[in-house]
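# Chains, contacts and geometry: an overview
In case you want the letters, here they are:
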Amino acid sequence: MTLVAGVDSSTQSCKVVIRDAETGELVRQGRATHPAGTEVHPSHWWTALLRALEEAGGLDGVAAISVGGQQHGMVCLDENGHVVRDALLWNDTRSAQAALDLVAELGGPHVWADAVGLVPVASFTVTKLRWLAEHEPDNARRTAAVCLPHDWLTWRLMGALASGVPFSAAAWADAPLPPLSHLVTDRGDASGTGYWSPATGAYRTDLLKTAFGAVPLLPKVLGPTDEAGAAVAGGAGPILIAPGTGDNMAAALGVGARPGDVVVSLGTSGTVFAVAETPSADPKGLVAGFADATGRFLPLVCTLNAARVLDAAARIAGVTLDELSTLALQAPPGADGLTLVPYLEGERTPNRPTATGSVHGLTLATATPAHLARAAVEGMLCGLADALDALAMQPERVLLIGGAARSEAVRRIAPTIFGVPITVPPPAEYVADGAAFQAATLVTTPDWQSGDTAVYEGDPVPSIRTRYARATGHILD
Ligand SMILES: Nc1ncnc2c1ncn2[C@@H]1O[C@H](COP(=O)(O)OP(=O)(O)O)[C@@H](O)[C@H]1O
Ligand SMILES: O=C(CO)[C@@H](O)[C@H](O)COP(=O)(O)O
């Protein structure tokens, strides 16, 4: 049996799946957590990947590996390949002013949308680089190369595999660093930087220079079926390294999204995206016109607040996530008017980086754990329903994935908020699965069957979104 490994290095954790390259059968898996916070030293991602790989039984029998990673994070490397400072993650909002400045300097949102398919907000790498240049000029000067989380992990894997040392978390912890010139990325992740154009498939180093004042070395952008490298890991056969991609692009691959589908992913971020044949450019800046991992495009709307809204509600109520789900289903639709605006990390869509969350409609009658649970689920989903509207599609299917899609309350309430039936694939690590699928394409023609889906239907309750829209007009920044 030829095996492939897929990695999901996302915000909260690293997951590894090891699957049969031909059939996709799940053979082994592992997981390790990442530290909390919106700036993280990349070495934590490497440690977590090694621990997750170890839990997944290592690389025995693995012929190819691919990394899907959280998008946009700014990883700065010095001329020796050492990390210059902690990476600023996609959900770090300190570069909000830099984003506004960059939009103004270039002549407005439409200029950016036309140039790179997106309008800068704090999440995108280009704004983080401006922040670095302005606030930490010494670190900016030391920056010889800039890459993204998945690029950096792919590069570390190249070094570890090329060392010829057999895999173990301890043996690979300090694996040699390859030359900076070996850094690679893919279209999908490059399209989230703000200095690569999905429409032309080329870097816009002029925009990088405008933002950062210099043009550090950038990873080579590989095509979907290119190899990032191949190396022998201590007596095993050669292990091919696939280009990898951003986590949303990997999820699209993993869930088998096809044109006509809209995927709603409820992880740390909430994302709503679709596979498209042509690039997109939304001057309103709601839809980011990303590229995907197949050579197509992935228009995507992202909120900063998804699964962790439920984590927070469960914490307040003092219950587990399963109990929160049960509670939410005990309260009536609309939670008798209790409305939760879930901007717990500020918000990206709408662009409210300094906003905070709020609760409206609190009365003696709605001051119950069940009402709070329902309001948390509905508030989170209302943010995603707005994202679905922004995508302006008439989807054939709306697929629900990500950690919070495991909640029965979320599955049952989603159709009432979105106003359409929801298709829920079996719970799985779709980002890691997509990466594994990409790896499999390097060694075979994979024939992976998707599992049975469940369809959830429910009568739309438009008043919930109406009240939510009113509540978003009354929040504190
Ligand atoms: N049964 C559940 N109900 C609600 N939320 C859940 C459930 N299981 C996991 N989650 C949440 O999903 C989140 C992790 O989802 P995941 O898609 O792995 O995120 P990420 O890829 O961003 O790290 C966590 O915040 C976790 O609490
Ligand atoms: O910023 C975006 C998409 O533009 C986020 O979706 C990140 O890619 C983080 O993803 P998760 O950790 O929530 O999967």
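Residues numbered from 1 in each chain as written. Chains lettered and ligands numbered in written order. Predicted model: local features only at pLDDT ≥ 70, side-chain atom pairs only at ≥ 80, totals over all residues. Heavy atoms only, no water.

## Some words on the overall build of the protein chain
- From N to C terminus, the protein chain includes 16 helices and 24 strands.
- The C-alpha atoms of the protein chain give 22 Å as radius of gyration, which agrees with the globular expectation for 477 residues (23 Å, within 12%).
- Seen through its principal axes, the protein chain has C-alpha atoms that stretch 65 × 55 × 40 Å.
- Across the 477 residues of the protein chain, 59% fall into the buried class.
- For the protein chain, the share of sequence-separated contacts (at least 6 apart) that also reach a separation of at least 24 residues comes to 74%.
- If you sum the accessible surface of the protein chain, you get close to 17500 Å²; carbon and sulfur atoms cover 53% of it. (Helix = DSSP H or I, 4+ residues; strand = E, 2+ residues; numbered from the N terminus. Rg over C-alpha atoms; globule rule 2.2 N^0.38 Å. Buried < 20%, exposed > 50% of the residue type's maximum accessible area, 1.4 Å probe, protein only. Contact = heavy atoms within 4.5 Å. Areas by Shrake-Rupley, 256 points an atom, 1.4 Å probe, with all protein chains shown as cover.)

## Some words on the site of ligand 1
- Surrounding ligand 1, one finds 16 residues, the nearest of these being Gln12, Lys15, Thr268, Asp311 and Gly403.
- Threonine 268 is positioned with one of its side-chain polar atoms (N or O) 2.5 Å from an oxygen atom of ligand 1.
- Within the side chain of aspartate 311, a nitrogen or oxygen atom sits 2.6 Å from an oxygen atom of ligand 1.
- Compared with its free state, where it exposes 580 Å², ligand 1 has 82% of that area covered by protein.
- Secondary-structure elements contributing two or more residues to the shell around ligand 1 are helix H11 (307-317) and helix H12 (321-330).
- Ranked by residues supplied to the shell around ligand 1, first place goes to H11 with three residues.
- Considered class by class, the residues forming the shell around ligand 1 number three nonpolar, eight polar and five charged.
- Looking at the shell around ligand 1, you find at least three residues from each of domain 1 (3-243) and domain 2 (255-476). (Near = heavy atom within 4 Å. Polar contact = N/O pair within 3.5 Å; in protein donor to acceptor, adjacent residues only side chain to side chain. Nonpolar A, V, L, I, M, F, W, Y, C, P; charged D, E, K, R; others polar. Domains from an automatic or database assignment.)

## Section: the domain arrangement of the protein chain
- Assigned domains of the protein chain: these are domain 1 (3-243) and domain 2 (255-476).
- Computed from C-alpha atoms alone, the centre-to-centre distance between domain 1 and domain 2 is 25 Å.
- Taken over both partners, the interface formed by domain 1 and domain 2 buries close to 3600 Å², and the fraction arising from carbon and sulfur atoms is 61%.
- Broken down residue by residue, the surface that domain 1 buries against domain 2 is led by Gln12, Trp90 and Arg187, which jointly contribute 14%.
- Residues arginine 19 and aspartate 433 are paired through a salt bridge, measuring 3.0 Å at the closest nitrogen-oxygen approach.
- Counting across the interface, domain 1 meets domain 2 through 13 residue pairs in polar contact (both at pLDDT 80 or more).
- Going through the elements one at a time, strand S1 (3-9), strand S2 (13-20), strand S5 (62-69), helix H3 (109-116), helix H8 (187-190) and strand S14 (238-241) are the ones with two or more residues in the side of domain 1 that touches domain 2.
- For the side of domain 1 that touches domain 2, the leading source of residues is S5, giving six residues. (Buried area = accessible area lost by both parts, 1.4 Å probe. Salt bridge = Lys/Arg side-chain N within 4 Å of Asp/Glu carboxyl O.)

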